[in-house]
Amino acid sequence: AALRKAIIDNTVEYPEFEGSEHHDILSVSLGFFDGALWKMLRQNVVDRSDKIDVWFSSPARHLIQDPATKTVIGVQIERDHVLRNIKANNGVVMATGGFENNPEMLEDYLGASKLVPLGTLYNKGDGIKMATEVGASLWHMNNYESLGMLHGLAFTVPTGKRGKLILGDWKAIYDGSVFLAGDDGTRYYPEDMTNRHGHVYSHGYWKVPQNNHHPHIIFDKKQYEKFADKETSIYPQAQDMIIEANTLEELAKKIGAVPEKLQEQVAEFNFFATEGKDYAFHRNPETMQAFDAEGPYYALSVSQTVLNTQGGPRRNARAEILSNDGTPIPHLYGAGELGGISAGRYQAGENIAECLIFGKIAGLNAARVKEEVFEHTAEEPDAVSSASQTEKKVNLGSDLDVKETYMVGANQYLGRSNAGVGNEVVVRITVDDDKKLKDIEILKQSETGIGAQAIESMPKEMISKNTYEVDSISGASATSRALKEAVKDAMNKI
Ligand SMILES: Cc1cc2nc3c(=O)[nH]c(=O)nc-3n(C[C@H](O)[C@H](O)[C@H](O)COP(=O)(O)OP(=O)(O)OC[C@H]3O[C@@H](n4cnc5c(N)ncnc54)[C@H](O)[C@@H]3O)c2cc1C
């Protein structure tokens, strides 16, 4: 109960909101970022695979709408490079996530030139395009959530790569001779300020900060020692990303800032630190120390992160997607962060809650057999996809029914686990004549991030120690567990 209360107290991000006292938390595991909810949901789908067809790598391209009644009667889906018109008996639920990975939409809706995704790399705003094609109204387009260092920053990664989520109180980034510089080399925010999923306090409102293209953490030699301190460093790998220069002018040139602005900024910061007052942004002066008079000086390149966007088609409490005149588009429903309910601010946890709540409402309403008799003008091309509506039943199967077959030779055994964060993990072990582990091959896995490291390193240790019971890789507990479980499953068959 104490843990629950502590979590609730820490996750009510806007206690000033009416009704915030009713904020509660539910968890399906005691773990943290272990994919437990996803695994449970996935298992429920797998258990009902006789009723649910699952298609991987089959993006929806368009909704199919009856031009006369505006009823959504199906979805055009690309599968194996063929566009298939899939008929929906009673409704379609749109749940294609946000536009985290669509640079044009990030620019248009959020005014952000670049955001580093911390989650999916595949949400490209397809649902927004499809919904607007059938006349949906949009909402909450300019809201999104960040997490990470300072006001939701991660160390810069190449475009198209996932950023590393760094949490925890890392004093080196806000306490000492260090500040956060925007594109031109000047400060734009009090570095010790708490934030709410990246929203920073501004004149009574919590706003997502105006993005800089290439912000940097700027510091001097004595602060460098704090970054190098392995005891307190939250991300020791940052050491390898530090940019060094002998002078501020040289540093500014290296990071694409304006040399005079950076020099002026350091002088101003030093003045505030010695005066004991940050006249510009009101950072706690106890966290401000003047920069060394001589170089070297340093910079770390950072970028604003995106956990998820909130914008998408407007929906009502019945999860019906609404058209511009406020009326529901018949048989079209929405759930999840595609048109999430958070307008300008976000009460933490709301996203998953609405995935579950609106997912259920949308699913029930879409499955309900509709009373209205739908007269369809067969043979005529529809308004959106130009696809012919002639009905032709083809059984296209389900990817869950596809059971891969793997070959095993002498002294080889297969093992499987569903305990990972991604799909099933399948391994093939080879043992020698004394039944000792000789090889572990990973035949199937879809783990990402640090999990991929576990997949790389753990089998070697298992082989050298001749056991599946090896240390898990920190930060990849679910993948480690899946790998151990799969190897155990195979070893049990020896
Ligand atoms: C690191 C991290 C931590 C988070 N922590 C929390 C938290 O603690 N609490 C909370 O409430 N929220 C949290 N969130 C946010 C939350 O996870 C998301 O908002 C939520 O998972 C969105 O679920 P969704 O089903 O709407 O979209 P997604 O889970 O993004 O699923 C959308 C799916 O649609 C697929 N898709 C996209 N386009 C197409 C297409 N054309 N055709 C077919 N499929 C398509 C995508 O591939 C994807 O699989 C976190 C997010 C991240 C990244």
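Definitions and cut-offs
- Residues numbered from 1 in each chain as written.
- Predicted model: local features only at pLDDT ≥ 70, side-chain atom pairs only at ≥ 80, totals over all residues.
- Heavy atoms only, no water.
- Helix = DSSP H or I, 4+ residues; strand = E, 2+ residues; numbered from the N terminus.
- Buried < 20%, exposed > 50% of the residue type's maximum accessible area, 1.4 Å probe, protein only.
- Contact = heavy atoms within 4.5 Å.
- Areas by Shrake-Rupley, 256 points an atom, 1.4 Å probe, with all protein chains shown as cover.
- Lys, Arg positive; Asp, Glu negative; His and termini not counted.
- Charge placed at Lys NZ, Arg CZ, Asp CG, Glu CD.
- Near = heavy atom within 4 Å.
- Polar contact = N/O pair within 3.5 Å; in protein donor to acceptor, adjacent residues only side chain to side chain.
- Nonpolar A, V, L, I, M, F, W, Y, C, P; charged D, E, K, R; others polar.
- Pairing = 2+ DSSP bridges.
- Salt bridge = Lys/Arg side-chain N within 4 Å of Asp/Glu carboxyl O.
- Axes fitted to C-alpha atoms, helices over the stretch in contact; angles between N-to-C directions.

Caption draft 1: Structural view of the overall build of the chain. Across its full length, the chain holds 10 helices and 21 strands. Once the C-alpha set of the chain is aligned to its principal axes, its extents read approximately 75 × 75 × 50 Å. Classification of the 494 residues of the chain by burial places 45% in the buried group. In the chain, the share of contacts with a sequence separation of at least 24, taken over all contacts with a separation of at least 6, comes to 67%. As presented, the chain carries roughly 25600 Å² of accessible surface, and 52% of it is formed by carbon and sulfur atoms. A distance of 5 Å separates the average location of the 52 positive side-chain charges in the chain from that of its 70 negative side-chain charges.

Caption draft 2: Up close: the site of the ligand. Taken together, 22 residues lie near the ligand, and Ala60, Asn123, Asp126, Glu337 and Ile352 sit nearest. Taking Asp126, its side chain carries an N or O atom lying 2.8 Å from a nitrogen atom of the ligand. Here the ligand loses 67% of its free accessible area of 1000 Å² to cover by the protein chains. Within the residue set of the shell around the ligand, elements represented by two or more residues are α4 (126-133) and α8 (350-367). Of the residues belonging to the shell around the ligand, the class tally is 11 nonpolar, 8 polar and 3 charged.

Caption draft 3: Looking closely at the pairing of strand β19 (residues 412-417). Most of β19 sits inside the fold, with 5 of its 6 residues counted as buried. By the bridge criterion, 6 bridges tie β19 to strand β20 (residues 425-431) in an arrangement that is antiparallel. Considered in β20, the bridge of Ser417 is made with Val425.

Caption draft 4: Representation of the pattern of salt bridges. One pass over the full model with this rule turns up 21 salt bridges. For Glu16, the salt bridge is made with Arg196, and the minimal N-O distance between the two is 3.0 Å. One end of the pair, Glu16, is in the loop between α1 (2-11) and α2 (36-47); the other, Arg196, is in the loop between β9 (178-181) and β10 (200-202), with 180 residues separating them in the sequence. When its relative accessible area of 15% is taken as the criterion, Arg196 is described as buried. Notably, a salt bridge pairs Lys171 with Asp169, separated by 3.4 Å at the nearest N-O pair.

Caption draft 5: Spotlight on the sheet that holds strand β18 (residues 328-334). Here 3 strands make up an open sheet; going across it, the order is β4-β18-β17 and the pairing mixed. Looking at the sheet topology across the chains shown, the edges are occupied by β4 (92-94) and β17 (320-322). Neighbour-to-neighbour, the strand axes of the sheet open up by a mean angle of 55°, direction not taken into account. One ladder, built from 2 bridges, connects β17 with β18; its direction is antiparallel. The residue of β18 that forms the bridge with Glu320 is Tyr333. The strands touched by α8 are β4 and β18; relative to β18, the strand with the most contacts, the crossing angle is about 135°.

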